[in-house]
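Each chain, letter by letter, is given below.
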Amino acid sequence: MSLKLPIYMDNHATTPVDPRVLDAMLPYFTQVFGNAASRSHSFGWTAEKAVEAARDQVGALIGASGKEIVWTSGATESDNLAIKGAAEFLKDRGNHIITAQTEHKAVLDTCKRLEKEGFDVTYLPVGKDGRVSAESVRAAMTDKTTVVSIMLANNEIGTVNPVNEIGAVVKEKGAVFHVDAVQGVGKVPFDVNAAKVDLASLSAHKMYGPKGVGALYVRRKPRVRITAQIDGGGHERGMRSGTLNVPAIVGFGKAAELARTEMAAEAARLLKLRERLREAIQSKVDHTFVNGSMEHRLPGNLNISFAYVEGEAMLMGLKDVAVSSGSACTSASLEPSYVLRAIGVDEELAHTSIRFGLGRFNTEEEVDYVVKIVVDKVKKLRELSPLYEMAQQGIDLKSIVWAAH
Amino acid sequence: MAYSEKVIEHYENPRNVGSFDKDDPSVGTGLVGAPACGDVMKLQLKITDEGIIEDAKFKTFGCGSAIASSSLATEWVKGMSIDQAMGIKNTQIVEELNLPPVKIHCSVLAEDAIKGAIADYKAKRAKANGNGNA
């Protein structure tokens, strides 16, 4: 089989739509195009039926009822709705929110906004493996804590949090437990009842569905209440107004069904590919460091630092391969990844990190090709690296007084 | 981010990669930047007794724009007098390589590296002369 370039290995950023998902969606653009909120004719009824079926499919993926699924425009909106909605609804009971330093910006920036509005937020540190411990959540909880938001799996280092243990602690204290499940759901087992979750954010495009549609799981028993952030026609039981994006929702449903039925086999296959990638790279390149936990990790994630080689220069060399870097240079901020900093990775190593995100459509041939060019580029860039030269000469880089700029 | 053709060309074919013996009295070494900031440039100049830069070499840890800036700097300084090299401005590098605003610090580093190498050379000379007189 011939290799098709460029190779996509950035499946934490987004995933392609699975052709089976696209097939399910297509009739809903031109034939079944009704507004799911139209109650007076069959166009509306058939659209509504499709939306309700998709609700059940998405619910089934996380052990929930379809009735507990609220459609949104994506997980960023879901995170905003969950945290702001619950914090506002419960503000008479308390004003303290707990989250972690390694959360996605959609959670962190939402919390920062709430801080400006007078809420207190605790940003929990994580261990070197990137995990949030249930004990640290317990220790941070006060009588005023109303919302705890912890992600299922991290988007950079793939670390999977012990959400079942954390959920037990949160419910012991009676706060609302929100899980940003975007990266983990469909990749590792996640059950809203096992984790005692009240609210969970999901995204279609991270699981081979279309972009522009997400969901918020909102527990019904016991009922969890949130303040709507978008007002209008009272859709989605008043929690999120706006005409439903029926084709995308149908696609999300199909994607969730595929994720549920194929997760076990796919996870095993991805783990094998990931280990093939990791073992080959580490056997051929010295001074590499895997960031995050090897034990509690998404099967398709490899985040690895290549010492003495700056990440963006690496990405530039891997021009036929789509991956990403924790290097400062890839963002406008010039700060290296806050996730890597939170797990104690030295800034200089953070600048050398590359994230590989393997997905459903990656093959062994692709992995082997990527290994070849990664090894080649690291070698070339190390020949160019004054740091590598100094390290080879036995100079301790930490002994040098660098002029920060 | 899209790179300019000139940055890509220098990245693909960096000029004058390598090192001189830093203890050679005719060699000035500039080492600027910091690993924690994601950029370190080492630029070395081999300078004749007449103060002419006869050769230059570099090694850079940094993004493509940092590599290109230092590669370009080595190309430019060859054949220049010390005074001419001291006159190279980072804005000239920005212009030549078409660097976007977020990459301007790469050109600043390259200018600093040239100045650092010349300062090192001058310090060495002063020390050698001082020792000779003593």
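This text follows the structure it describes.
What you see is a predicted model; the values in this text were computed from it and never measured. (Residues numbered from 1 in each chain as written. Chains lettered and ligands numbered in written order. Predicted model: local features only at pLDDT ≥ 70, side-chain atom pairs only at ≥ 80, totals over all residues. Heavy atoms only, no water.)

Undergrad: Outline the nonpolar core, supporting the account with residue identities and numerical values.
TA: Ile62(A), Trp71(A) and Phe190(A) are the most contacted members of the largest nonpolar core, which totals 66 residues. Counting residues per element, this core draws most heavily on helix H8 (residues 246–284) of chain A, at nine residues. Phe356(A), Tyr11(B), Ala85(B) and Ala113(B) belong to the second-largest nonpolar core, a separate cluster that totals 63 residues. (Core = buried A, V, L, I, M, F, W, Y, C linked by side-chain atoms within 4.5 Å. Buried < 20%, exposed > 50% of the residue type's maximum accessible area, 1.4 Å probe, protein only. Helix = DSSP H or I, 4+ residues; strand = E, 2+ residues; numbered from the N terminus.)

Undergrad: How would you explain unusual backbone geometry if you had to name every residue and give the values?
TA: All names here are of chain A. Between Leu5 and the following residue, Pro6, the backbone shows a cis peptide bond with an omega angle of -5°. A cis amide bond, omega -10°, links Lys221 with the succeeding residue Pro222. Structurally, the position occupied by Pro222 is in the loop between strand E8 (214–218) and H8. Backbone geometry places Lys196, a non-glycine residue, at a positive phi of 50°. Tracing the sequence through the fold places Lys196 in the loop between strand E6 (176–180) and strand E7 (199–203). When its relative accessible area of 40% is taken as the criterion, Lys196 is described as partly exposed.

Undergrad: How would you sum up helix H2 (residues 64–77) of chain B? Please name residues and give values.
TA: For H2(B), spanning 14 residues, the distance from its first C-alpha to its last is 20 Å, which sits close to the expected 20 Å at 1.5 Å a residue. For H2(B), the tally of buried residues reaches 12 of 14 residues, placing the bulk of the element in the interior. (Expected span 1.5 Å × (residues − 1).)

Undergrad: Before we move on, can you summarise the environment of Ala255(A) with the specific residues and values?
TA: Residues and elements named next belong to chain A. You can see Ala255 is positioned in helix H8. The class of Ala255 is buried, set by a relative accessible area of 0%. Note: C-alpha distance between Ala255 and Tyr208 (47 residues apart in sequence) is 6.0 Å. Not counting residues within four places of it along the chain, the set of residues in contact with Ala255 comprises Val21, Met207, Tyr208 and Gly209. (Contact = heavy atoms within 4.5 Å.)

Undergrad: Tell me about the interface of chain A and chain B, and please be specific about residues and values.
TA: Counting residues at the interface gives 28 residues for chain A, matched by 31 residues for chain B. For the pair chain A and chain B, the summed buried surface comes to about 2600 Å²; carbon and sulfur atoms form 66% of the total. At the junction of chain A and chain B, the tally comes to four salt bridges. Split by residue class, the side of chain A that touches chain B holds 15 nonpolar, five polar and eight charged. (Buried area = accessible area lost by both parts, 1.4 Å probe. Salt bridge = Lys/Arg side-chain N within 4 Å of Asp/Glu carboxyl O. Nonpolar A, V, L, I, M, F, W, Y, C, P; charged D, E, K, R; others polar.)

Undergrad: Lay out the pattern of salt bridges in plain terms, naming residues and giving numbers.
TA: Charged atoms that come close allow side chains of opposite charge to pair. Residue and element names in this part refer to chain A. This structure, assessed with the given rule, holds 34 salt bridges over all chains. Across the salt bridge formed by Lys112 and Asp109, the nearest N and O atoms sit 3.7 Å from each other. Of this pair, Lys112 and Asp109 both sit in helix H5 (residues 105–116), three residues apart, which is roughly one turn of the helix. In this structure Lys112 comes out as partly exposed when scored by relative accessible area, which is 41%. Between Asp346 and Lys398 there is a salt bridge; the shortest N-O distance is 2.9 Å. Highlighted residues: Asp346 in the loop between helix H10 (338–342) and helix H11 (347–350) and Lys398 in the segment after helix H13 (386–392), separated in sequence by 52 residues. Exposure remark for Lys398: the relative accessible area of 55% places this residue in the exposed category. Overlapping salt bridges bring together Asp18, Arg20, Glu262, Glu266 and Arg360 as one network.

Undergrad: Before we move on, can you summarise the packing of helix H1 (residues 5–12) of chain B against H2(B) with the specific residues and values?
TA: All names here are of chain B. Two numbers describe how H1 lies on H2: the axes approach to 8 Å, and their chain directions differ by 80°. As judged from the angle between their axes, H1 and H2 are roughly perpendicular. Along the contact surface, H1 presents Val7, His10 and Tyr11, while H2 presents Gly64, Ser65, Ile67, Ala68, Ser71, Leu72 and Glu75. When its residues are assigned to classes, the contact of H1 with H2 shows five nonpolar, four polar and one charged. (Axes fitted to C-alpha atoms, helices over the stretch in contact; angles between N-to-C directions. Parallel < 35°, antiparallel > 145°, perpendicular 65-115°, else oblique.)

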